[in-house]
Structures are given as structure tokens and as C-alpha cells.
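Breakdown of the fold
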Amino acid sequence: MPENASEVTAAGIARLAGVGRAAVSNWRRRHPDFPKPVGGTETSPSFPLTKVEQWLRDQGKLAEVPLRERVWQQLADHPATTATALIRTGCVLLLVRERPALWQELAAAPDEETAQLLPTALEAVLAARFGDDRARLFHAAFPRATPGSAAKAPGSTAVLRSAAELAAELGPRQTFEFLLGRFLDANLRQYTLTPPGPAALMAALAAPHGGATVLDPAAGAGALLGAVDRPAALYAQDTDPDLTALTALRLALRSDADVRARSGDTLRADAFPGTAADAVLCHPPFNERNWGHDELAYDPRWEYGFPARTESELAWVQHALARLRPGGTAVLLMPPAAASRRSGRRVRAGLLRRGALRAVIALPAGAAPPYGIPLHLWVLRKPEQGQAPAPELLLVETAELAAAAGGRDRLDWPALQQTVLDAWRAFDTGGTPTGDPDTGPGDSPGTGTSRGPALAVPVLELLDDDVDLAPARHVPSPDSAVGADELLRVRERLTDTIRLAGELTPPPPAPAQPAPWPATTVGELARTGALLIRAGTAHPAAGGHSGPGAVLTEQDVLTGTAPSGAPAEGPEDELVRVESGDAVVPVLGGGSVVRVIDEATAGAVLGRNLHLLRPDPAALDVWFLAGFLRGTANTRQASSYASSATRLDVRRLQLPRLPPSEQRRYGEHFRTLAAFEDALRLAGRLGEQLVQGLYDGLADGTVRPG
């Protein structure tokens with residue numbers, strides 16, 4: 001790559017160094033050797049990336065920049081929009097995957113010649129993969145170019161060469177997944193994403209056979225279609241043209257399926273009106289009032305009833321059924337209100353009477369956005385000609401699985417998926433949710449057949465005035481006898497913990513004057529080798545995880561709990577793993593929290609917005625370090641403030657210069673305080689668990705007063 005192949009703005013420099021924009025402005029004023037601007041404007045100058053990186057390294061403010069971070073930086077600061085640059089990069093990665101020899105030939109040419117030949121080469125590979133949709137993708141990648149013309153965007157070939165270099169290390173698919181993930185993280189408020197856990201479960205429930213045609217009419221970033229195993233054709237539609245193009249490339253890089261992706265309002269302007277898909281997967285937008293109620297009143301898709309203006313989700317349900325072949329399966333992620341709102345009861349009744357709705361599965365809160373409510377999965381099947389409607393509806397309630405796992409942040413998605421699939425497959429093959437074909441509805445009159453979190457309810461029992469399909473209202477709570485025993489154990493643990501907290505309570509402090517210690521900073525200690533600073537990069541997947549390789553998240557550090565995040569895909573050498581004796585500091589929020597890593601947590605992957613400080617034991621006691629870093633005045637002077645967040649610059653945190661013996665003396669006091677804090681925190685959790693358990697026991701009669 002040429003010396004000045006890419007430029008970076010002040011915001012980009014701040015991202016590289018993990019500081020605020022104000023720090024970059026200070027560096028420019030205070031350091032005459034700071035690189036001079038080479039482009040941009042007076043108010044928003046740009047700087048040569050390679051010289052900036054070298055300056056940051058010389059100042060001890062930057063370790064070696066991984067290639068993946070360099071590529072993302074080039075994309076984020078591209079003269080075109082980041083989305084356009086990422087689409088163009090995805091097209092080149094597809095070229096690298098599909099026709100590597102052609103890319104090698106193009107890459108060997110000078111930049112100007114590569115820029116002239118690239119559009120024609122890409123048009124050919126896009127035509128082979130996307131057919132008639134190639135023109136849309138080409139226009140998204142080169143808005144001002146036509147096939148055969150040069151791409152004139154400044155620096156357009158530099159980032160493409162870097163991305164191809166990264167693809168040689170990671171592979172084209174993994175490279176695009178990383179870059180797309182960064183793009184989506186930077187635009188979280190703009191897009192609604194489906195996490196991997198629910199996406200895998202929805203694809204497994206639909207169970208399209210190998211070589212199936214699968215449609216997602218609200219595709220977003222393509223997570224649902226990407227979870228399908230060995231499809232023949234994938235059809236995607238979304239309102240955002242840029243996201244549609246990115247999704248098309250993502251799917252094409254994931255498989256050899258025929259990919260068709262088009263932008264537009266699905267309910268008003270369906271891009272695939274003649275499709276008869278084997279399966280439909282959909283995470284529709286929730287609570288839309290302007291979905292086309294007035295202009296679509298006589299649409300033939302409303303076979304099960306005209307949805308009310310407030311029932312946009314039921315319009316999506318019927319659209320999905322309309323695009324299925326007879327016998328095909330649709331799985332939709334739905335808000336819980338859609339199962340019980342009175343305005344939707346006629347459509348729900350129509351779905352039940354015709355046998356189109358086969359299951360409603362309640363997920364724990366936090367499974368997918370919006371994370372504050374427990375969403376539902378609706379499993380539907382398009383009725384076949386002459387087939388009798390299904391006599392029962394499967395209801396599954398998974399809240400107890402989340403409680404058993406210790407809360408939604410620690411949910412074991414593989415276990416939840418297996419539980420749901422076992423119930424669905426047994427029910428779908430003519431048995432019961434237990435998988436026992438000898439048990440029928442008559443075994444439990446009026447209640448259906450049930451075991452654990454699943455219940456098969458006769459449709460006739462649901463066709464009342466409300467047609468309420470919420471699983472929580474029908475699936476009985478698990479046997480509570482075990483709960484009473486558990487309450488006794490919780491009470492004993494709480495008693496022991498309160499006793500321990502009493503023993504650890506610090507004695508009254510003796511009055512003293514502030515100590516005039518000579519001070520140093522974490523940054524100075526890092527430059528002298530007394531400690532190592534590393535920033536966390538892993539983004540935990542929704543749903544949580546436990547065991548080896550789990551991500552230590554901000555929430556884990558703040559609450560003192562075990563690592564709970566599932567790490568994103570990535571090479572091992574890019575992950576930062578904590579070791580026993582490390583100190584971990586959250587850098588967002590302005591709080592004063594430091595966690596010392598113990599043997600039980602060692603090996604976890606450091607998550608985002610966390611910094612690791614690894615002291616040299618011969619020079620620095622870790623408990624001394626952690627204790628002084630928690631001082632309120634210390635964190636206040638090391639924090640910078642933006643309009644919406646407070647960020648801690650760990651390099652500015654201060655420590656007194658004390659000999660090792662004094663460090664250890666203070667460290668022992670800080671260690672005792674930390675143990676006292678842990679005991680108080682555990683007592684609070686146990687107390688809440690005991691109180692709620694007693695409320696539940698008294699309410700359901702399993703616990704008697706006195």
C-alpha cells in the first residue's frame with residue numbers, strides 16, 4: 001500500500017488511540033511533531049494514516065494496529081459514505097471468492113488501471129451471482145459509475161487492496177462479517193438486528209430441507225436467512241437500499257445459493273409477488289401505524305381477516321402465509337401483545353380455525369430487540385388443499401429456563417433451543433410436547449397435554465371472547481416442591497453471607513490528614529514496563545454464554561458475576577484473554593469500578609469498553625493498583641465528558657509512588673474491602689431471591705404463614 005494511501009480524521013485518530021476528540025486537539029497544540037493535515041477542511045482536517053500511527057506508537061499511545069482495524073479505519077474515513085465503501089468492498093471480496101485469479105491480475109496492476117478495470121470485472125461476477133439484481137448492487141457500489149467506466153472515488157483502490165489482504169488471512173466471508181459487524185455496531189439506532197440465538201432457533205423451527213427456497217420479507221442485515229442450512233435460493237427485501245445491498249453480499253459470501261435481494265416497502269410494494277417459498281423467516285417491525293391499512297383494505301393477502309390499524313404484525317403474518325407454498329412453514333418473531341390484544345382476536349381466531357397457526361413460543365426477556373420484553377415466536381404452516389385443520393396449538397413458555405440459568409444475561413441458548421425443538425418436533429409429528437405418542441388430549445381434560453415448559457392446547461378451548469394465545473396464561477408453573485427446598489438452601493446461604501459480611505465490616509477509620517504522596521500515572525507506568533495496557537475488543541453475542549472462552553462484559557464487571565458473553569467469531573490472536581492478577585477497568589459511564597481477576601475468571605475474553613491492566617508483580621501490587629484506581633477524585637480527573645457519555649482515560653489515572661512493602665500493606669486493606677463488597681452484593685442477590693420465592697410460595701399455597 002502506498003505511504004499515504006489513506007487519510008484519517010481527528011475522530012478516526014481518537015478511535016485508534018481510544019481517547020476523546022479533545023485529546024487529539026490537545027496533542028495537535030502541544031506537540032509540534034504531530035503530523036500535519038494533508039486534506040479535508042479547516043474545520044475537519046484529515047491526516048496521513050501511516051504517519052499518525054507511527055506518531056502514536058512513538059508516544060506510547062498505540063500498540064501495533066492489526067490489519068483488520070486498519071481496514072475498518074480506511075472504510076470509516078472513506079471519502080464516499082461508509083456504507084458505499086463497504087458495499088464496494090463486499091463486491092471485491094465476492095470477486096476474490098468467486099474468481100481469485102482475476103482479482104490477482106487486477107491487484108498486480110497500478111492503482112489507476114485497477115480503478116478503470118474493476119467495475120467491468122465486478123459487473124460480471126455480480127451478474128453471475130445476482131442475475132437481474134446485479135444493476136442495483138453495481139449502482140450501490142459505484143453510484144456515479146456505469147459498467148466499464150472508472151471508479152473515480154479518491155483512495156478507492158487502497159481500501160480494496162487492504163480488504164483483499166485481510167481476506168487472505170481470514171477468508172472473504174469472515175472479512176466481510178467483521179467489517180459489516182463494525183458498521184452495524186456504529187449504527188445500532190438505525191437498524192433492528194436479530195441476534196444469532198433467536199435466528200438459529202427460527203431457522204431450525206422452519207427446518208427447510210436442503211435445496212429449499214427461503215424468503216425474509218423484512219430481511220434487515222440478513223441474520224435469519226444466513227442461519228439457513230444449504231438453501232437453494234434466498235429472497236430478501238428491506239426498505240433500506242444500502243442495507244439490502246450489504247445483505248445480498250453477506251448471503252452470497254456465506255453460501256452458493258441463488259440470492260435475490262431488493263429494497264422497498266414489502267406490504268405496499270412486494271418485490272416477490274409470485275414466490276411460493278418453502279419457508280418464510282421474518283422479524284418484522286413492531287407497532288407500525290403507517291403500514292398501509294387504508295390503501296390495502298381489499299388486498300387478497302388478508303385471507304384470515306383484515307388487520308386493524310394497530311395490528312401491523314398480523315399483516316406481516318398473513319403476508320408470510322401468502323408467500324408460502326401449501327405445507328410450507330413460516331416463523332415470525334412477534335411482540336407478546338400480538339397474542340392477546342383484543343383488536344387482533346378475529347385474525348387470531350381465523351388462523352386457529354384454519355389450522356395455520358401451529359405454535360406460540362415465549363422467549364425470555366432480552367432475547368432480541370426490544371430487549372425489555374419477552375418476545376414470542378409464531379410458527380405457522382400454510383394449509384394444504386383438503387387437509388383437516390390441526391386440533392391443537394402448541395404453547396411453550398421458556399421463562400423458567402432463564403430463571404434456572406441465573407437470569408436472561410446468562411441464558412444457555414443451546415439448551416433453550418434444544419428444549420423448544422424437542423417440544424415442537426414431537427408435537428409436529430403427531431405426538432405430544434413430551435414426545436410420548438401414547439399420551440393424548442384426553443389424558444388431561446380441559447388443560448391439554450403438558451410436561452415442563454410446553455403445552456398442547458385444544459383449539460376449541462382458545463376460541464373464546466379473547467382468543468388469548470400468550471403461553472404464560474396457559475402453561476402451568478413447574479412443580480414447586482423443589483422450590484421450597486431451594487428456598488431453604490437460599491436462606492441458609494443468606495444467613496452465612498450476612499454473618500461473613502459482619503465479620504468483614506471495616507473498623508471505624510482513624511482521622512488523618514491527606515497524604516502528600518509523589519504521584520505517577522498509569523500511562524507512565526506502561527511506558528516504563530511496570531504494567532501492560534490492553535483494550536477489549538470482543539463483542540458478546542446476545543443470549544449469553546458460560547464456560548471456557550466466555551466474554552467478560554461490562555455488566556459482569558459492574559455486578560461482580562462470572563463471564564457471561566458469547567464471543568464473536570475471530571482469530572484467537574485478536575482476542576484479549578484475562579489472566580489471574582489482572583485489573584479490569586470499565587471506561588464508559590464515569591464510575592469507579594475495578595475488578596481483580598481471580599483463577600475462576602482467568603482465560604475469559606475481554607469485552608468491549610473494558611481495559612486490562614497487567615502489572616509486573618515485582619514492581620506493582622495488583623490490589624494496591626485496583627484500590628487507588630477506585631478513588632472518586634482519581635476517576636473524576638481522568639474522565640472526559642461528551643453530550644451523552646462519560647469516558648475514562650485509564651492512562652491518566654494516578655497512583656502514589658510507594659515502596660513495595662507499603663503497596664502490599666495498602667493492598668491487603670483494599671483486598672479486604674473487596675471481599676466485604678462481594679459479600680454485600682451476594683447478600684443482596686440472595687435476599688431478593690428469598691423474598692420473591694416467599695411471595696410466590698405464599699401466593700400459590702406451597703408456603704404456609706408461620
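Conventions we followed
Residues numbered from 1 in each chain as written. Predicted model: local features only at pLDDT ≥ 70, side-chain atom pairs only at ≥ 80, totals over all residues. Heavy atoms only, no water. Axes fitted to C-alpha atoms, helices over the stretch in contact; angles between N-to-C directions. Helix = DSSP H or I, 4+ residues; strand = E, 2+ residues; numbered from the N terminus. Parallel < 35°, antiparallel > 145°, perpendicular 65-115°, else oblique. Left-handed = near helix turned anticlockwise from the far one by under 90°. Contact = heavy atoms within 4.5 Å. Phe/Tyr/Trp six-rings, centres within 6.5 Å; stacked < 30°, edge-to-face > 60°. Buried < 20%, exposed > 50% of the residue type's maximum accessible area, 1.4 Å probe, protein only. Pairing = 2+ DSSP bridges. Core = buried A, V, L, I, M, F, W, Y, C linked by side-chain atoms within 4.5 Å. Polar contact = N/O pair within 3.5 Å; in protein donor to acceptor, adjacent residues only side chain to side chain. Lys, Arg positive; Asp, Glu negative; His and termini not counted. Salt bridge = Lys/Arg side-chain N within 4 Å of Asp/Glu carboxyl O.

Attention now goes to the packing of helix 1 (residues 10–17) against helix 3 (residues 49–58). The contact between helix 1 and helix 3 brings their axes to 11 Å, and the two run at 40°. When the interaxial angle is binned, helix 1 and helix 3 end up oblique. Classified by chirality, the crossing of helix 3 by helix 1 is right-handed. Taken together, the residues of helix 3 that come into contact with helix 1 (itself represented by Ile13, Leu16 and Ala17) are Leu49, Val52, Glu53 and Leu56.

The next thing to look at is the packing of aromatic side chains. Scanning the entire structure with this criterion turns up 13 aromatic pairs. Residues tryptophan 27 and tryptophan 55 carry aromatic rings whose centres are separated by 5.7 Å and whose planes lie at 50° to one another, so their mutual orientation is tilted. One end of the pair, tryptophan 27, is in helix 2 (residues 21–30); the other, tryptophan 55, is in helix 3, with 28 residues separating them in the sequence. As far as burial versus exposure is concerned, tryptophan 27 and tryptophan 55 are alike and both buried. Where phenylalanine 183 meets tyrosine 191, the ring centres are 6.1 Å apart and the plane angle is 40°; that geometry is what we call tilted. Here phenylalanine 183 and tyrosine 191 have matching classes, each one buried. One aromatic cluster is present, formed by Trp517, Phe624, Phe628, Tyr666 and Phe670 through successive ring pairs.

Bringing unusual backbone geometry into the picture now. With an omega of -5°, the peptide bond running from proline 369 to proline 370 counts as cis. Looking at where proline 370 falls in the secondary structure, it is placed in the loop between strand 9 (357–362) and strand 10 (376–381). A positive phi is found at alanine 207, a non-glycine position, where the angle reads about 45°. Following the sequence through the fold, alanine 207 ends up in the loop between helix 11 (196–206) and strand 4 (213–216).

Our focus in this paragraph is the pairing of strand 9. As a general feature of sheets, a regular strand has side chains that alternate between the two faces. Counting buried positions along strand 9 gives 6 out of 6 residues, so the element sits mostly inside the fold. Relative to strand 10, strand 9 is paired through 5 bridges, and the arrangement is antiparallel. By the bridge assignment for strand 10, isoleucine 361 is matched with leucine 377. The pairing of strand 9 with strand 11 (residues 392–397) spans 4 bridges and is classified as parallel. What sits directly across from alanine 359, in strand 11, is leucine 394.

Turning our eyes to something else, we now look at the sheet that holds strand 3 (residues 45–48). Taken together, the 3 strands give an open sheet; going across it, the order is 1-3-2, and neighbouring strands pair in antiparallel fashion. The outermost strands of the open sheet, each flanked by one partner alone, are strand 1 (7–9) and strand 2 (39–40). Across 2 bridges, the pairing between strand 2 and strand 3 is antiparallel. Within the sheet, the bridge partner assigned to glycine 40 lies in strand 3 and is proline 45. Its contacts with the sheet place helix 3 against strand 1 and strand 3, and it is angled at close to 75° to strand 3.

If you look at the biggest cluster of nonpolar residues, it comprises 92 residues, and the most contacted ones within it are Leu118, Phe130, Phe183, Leu201, Leu205, Leu281 and Leu363. The dominant element in this core, judged by the number of residues it contributes, is helix 5 (residues 82–98), at 10 residues. Once residues lying within four places of it in the same chain are set aside, the contact partners of phenylalanine 183 are Trp72, Thr82, Ala83, Leu86, Tyr191 and Leu246. Ala315, Ala339, Val347 and Leu357 belong to the second-largest nonpolar core, a separate cluster that totals 44 residues.

Each α-helix turn comprises 3.6 residues. Residues three or four places apart therefore point the same way. Taking burial as the measure, the 8 residues of helix 22 (residues 622–629) include 8 buried ones, the bulk of the element. For helix 22, the full list of buried residues reads Val622, Trp623, Phe624, Leu625, Ala626, Gly627, Phe628 and Leu629. At the N-terminal end of helix 22, a side-chain oxygen is found 3.1 Å from the backbone nitrogen of tryptophan 623, two or three residues along, and the residue is aspartate 621.

Turning our eyes to something else, we now look at the sheet that holds strand 20 (residues 610–615). Read across the open sheet, the 4 strands follow the order 15-20-17-18; overall the sheet is antiparallel. Either end of the sheet is taken by a strand with one partner, and the two such strands are strand 15 (531–535) and strand 18 (595–596). For strand 17 (residues 583–586) and strand 18, the ladder comprises 2 bridges, and the chain directions are antiparallel. From the neighbouring strand, valine 584 faces strand 18, where its bridge partner is arginine 595.

Okay, the environment of alanine 252 next. Mapped onto the elements of the fold, alanine 252 is located in helix 13 (residues 241–254). For alanine 252, a relative accessible area of 0% puts it in the buried group. For the pair alanine 252 and arginine 97, spaced 155 residues apart in the sequence, the C-alpha separation amounts to 9.9 Å. If near-sequence neighbours (up to four positions away) are discounted, alanine 252 is found in contact with Leu94, Arg97, Arg129, Phe130 and Val259.

Let's shift gears to the side chain of aspartate 649. With respect to the helices and strands, aspartate 649 occurs in the loop between strand 22 (646–648) and strand 23 (654–656). One buried charged residue, aspartate 649, forms no salt bridge at all, with the nearest opposite charge on arginine 652 at 4.6 Å. For aspartate 649, the contacting residues outside a window of four places in its chain are Val19 and Ala638.

Most of strand 13 (residues 454–458) sits out of view: 5 of its 5 residues are buried. Side chains Ala454, Ala456 and Pro458 of strand 13 all project onto a buried face; the interleaved residues Leu455 and Val457 project onto the opposite face, where all are buried too. As paired elements, strand 11 and strand 13 share 5 bridges and run antiparallel to each other. Following the sheet pairing, leucine 394 is matched in strand 13 by alanine 456.

What follows covers the side chain of aspartate 133. With respect to the helices, strands and loops of the structure, aspartate 133 is situated in the loop between helix 7 (111–130) and helix 8 (134–141). Accessibility expressed as a relative area gives 2% for aspartate 133, which makes it buried. Within the structure, aspartate 133 has its side chain in polar contact with the side chain of arginine 262 (distance 3.0 Å). Here aspartate 133 is in contact with Arg260, Ala261 and Arg262, once residues within four sequence places are set aside.

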